[in-house]
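If you want the building blocks of each chain, they are given just below.
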Amino acid sequence: MRVAGPSLRTRLLAAAALWITLALGVAGLLLVLLFHHHVEQELAERARSQLDALIAGLSLDTAAPPRLTLQAEPPDPAFRQPLGGWYWLVSVNGMPLLRSRSWWDHAPPALPDGSARQLRTDGPAGQKLLLWTRSVELAGLESPVIVAVGADATRLQGLTRSFTLTVAAALAALALALWAAAGLQVRSGLAPLARLQAA
């Protein structure tokens, strides 16, 4: 005895639902990745401007021994708030010499030597930091000065998570609408076959 398989309508609806779900899933993933990249680029641009302000304020006291000072801090008030979410640091030979008030009483990380780079490290409250560093040569100092500006990465993660939930809700609503439209389309397309079967 032959067992009847799924009807043509069921197979068409299942195929349409599968492709709609896959297409919207891929689109949602791309949107989230693009948003994350965009926000990270915005943070990097903000950090670069703060690095410029930090480097412009550096000064070397030539009295023996030479002493590195900062004439003016970067203007962002987050640097002056304990655990404010933004941090700056100046070090020589891996030893932190100057730092923002936002570090509070936590020891800042050792900065690697080298040219401009972006890295991830632990923050003062155990959170992850996105850190942008730059190497600067100052007359009177044998070793390069490493300046860094860091941003709390949990804010980036929070923004990405919120955007992901919004996109997921929007795509879920769109998926329901597309599934309903596919059902109507399949029903309309199979109507002549149903009439033929009835005849």
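The structure contained in this document is the topic of the report that follows. Quick caveat, the model's predicted, so the values are computed rather than measured.

Describing the overall build of the protein chain
Stage number 1. Scanning the protein chain from N- to C-terminus turns up 2 helices and 7 strands.
Stage number 2. Starting at the N terminus and ending at the C terminus, the protein chain contains elements arranged as α-β-β-β-β-β-β-β-α.
Stage number 3. Here the protein chain holds 199 residues, and the buried ones make up 34% of them.
Stage number 4. Excluding contacts between residues fewer than 6 apart, the proportion of contacts in the protein chain whose partners are at least 24 apart in sequence is 50%.
Stage number 5. For the protein chain, the accessible area works out to roughly 12,200 Å², and carbon and sulfur atoms hold 62% of it.

Some details on the packing of aromatic side chains
By convention here, two paired aromatic rings are described through the distance between centres and the angle between planes.
Stage number 1. A complete count under the given rule lists 2 aromatic pairs for this structure.
Stage number 2. Consider the rings of tyrosine 87 and tryptophan 103, whose centres lie 5.0 Å apart with planes at 50°: the pair is tilted. Taken as a pair, tyrosine 87 in strand E3 (residues 86-92) and tryptophan 103 in the loop between strand E4 (95-99) and strand E5 (117-122) lie far apart in primary sequence, 16 residues in all.

Observations concerning the pattern of salt bridges
Stage number 1. One pass over the structure, following the stated rule, counts 5 salt bridges.
Stage number 2. A salt bridge links arginine 120 to glutamate 40; the shortest N-O distance between them is 3.8 Å. Note that arginine 120 is positioned in strand E5 and glutamate 40 in helix H1 (residues 8-56), a separation of 80 residues in sequence.
Stage number 3. Put simply, aspartate 122 and lysine 128 hold a salt bridge, and the shortest N to O gap is 2.8 Å.
Stage number 4. Classification of aspartate 122 by relative accessible area gives partly exposed; the value is 45%.

Quick look at the pairing of E3
Stage number 1. Counted residue by residue, E3 has 7 buried out of 7 residues, so it is predominantly covered.
Stage number 2. Residues of E3 alternate between two faces, with Trp86, Trp88, Val90 and Val92 on one and Tyr87, Leu89 and Ser91 on the opposite face, all of them buried.
Stage number 3. Relative to strand E7 (residues 145-152), E3 runs antiparallel, the two being bridged by 7 bridges. Of the residues in E7, the one forming a bridge with tryptophan 86 is alanine 151.
Stage number 4. Where E3 and E4 come together, 4 bridges link them in antiparallel fashion. Residue pairing across strands places serine 91 opposite proline 96, the latter belonging to E4.

With respect to the environment of proline 77
Stage number 1. Relative to the helices and strands, proline 77 is located in the loop between strand E2 (67-70) and E3.
Stage number 2. Judged by its relative accessible area of 45%, proline 77 falls in the partly exposed class.
Stage number 3. In this structure, the C-alpha to C-alpha distance between proline 77 and serine 102, residues 25 residues apart in sequence, is 9.5 Å.

As for the side chain of serine 143
Stage number 1. The topology assignment puts serine 143 in the loop between strand E6 (128-136) and E7.
Stage number 2. In terms of polar contacts, serine 143 uses its side chain to reach the side chain of asparagine 93, at 2.9 Å.
Stage number 3. Here serine 143 is in contact with Val92 and Asn93, once residues within four sequence places are set aside.

Here's the deal with the pairing of E6
Stage number 1. Sheet analysis places E5 next to E6, joined by 6 bridges and oriented antiparallel. Looking at the pairing, arginine 117 lines up with threonine 133 of E6.
Stage number 2. Hairpin remark: E5 followed by E6, antiparallel, with 5 residues in the connecting loop; positive phi at glycine 126, about 85°.
Stage number 3. Sheet topology note: the E6/E7 ladder contains 8 bridges and is antiparallel. Residue pairing across strands places leucine 131 opposite glycine 150, the latter belonging to E7.

Thresholds applied
Residues numbered from 1 in each chain as written. Predicted model: local features only at pLDDT ≥ 70, side-chain atom pairs only at ≥ 80, totals over all residues. Heavy atoms only, no water. Helix = DSSP H or I, 4+ residues; strand = E, 2+ residues; numbered from the N terminus. Buried < 20%, exposed > 50% of the residue type's maximum accessible area, 1.4 Å probe, protein only. Contact = heavy atoms within 4.5 Å. Areas by Shrake-Rupley, 256 points an atom, 1.4 Å probe, with all protein chains shown as cover. Phe/Tyr/Trp six-rings, centres within 6.5 Å; stacked < 30°, edge-to-face > 60°. Salt bridge = Lys/Arg side-chain N within 4 Å of Asp/Glu carboxyl O. Pairing = 2+ DSSP bridges. Polar contact = N/O pair within 3.5 Å; in protein donor to acceptor, adjacent residues only side chain to side chain.

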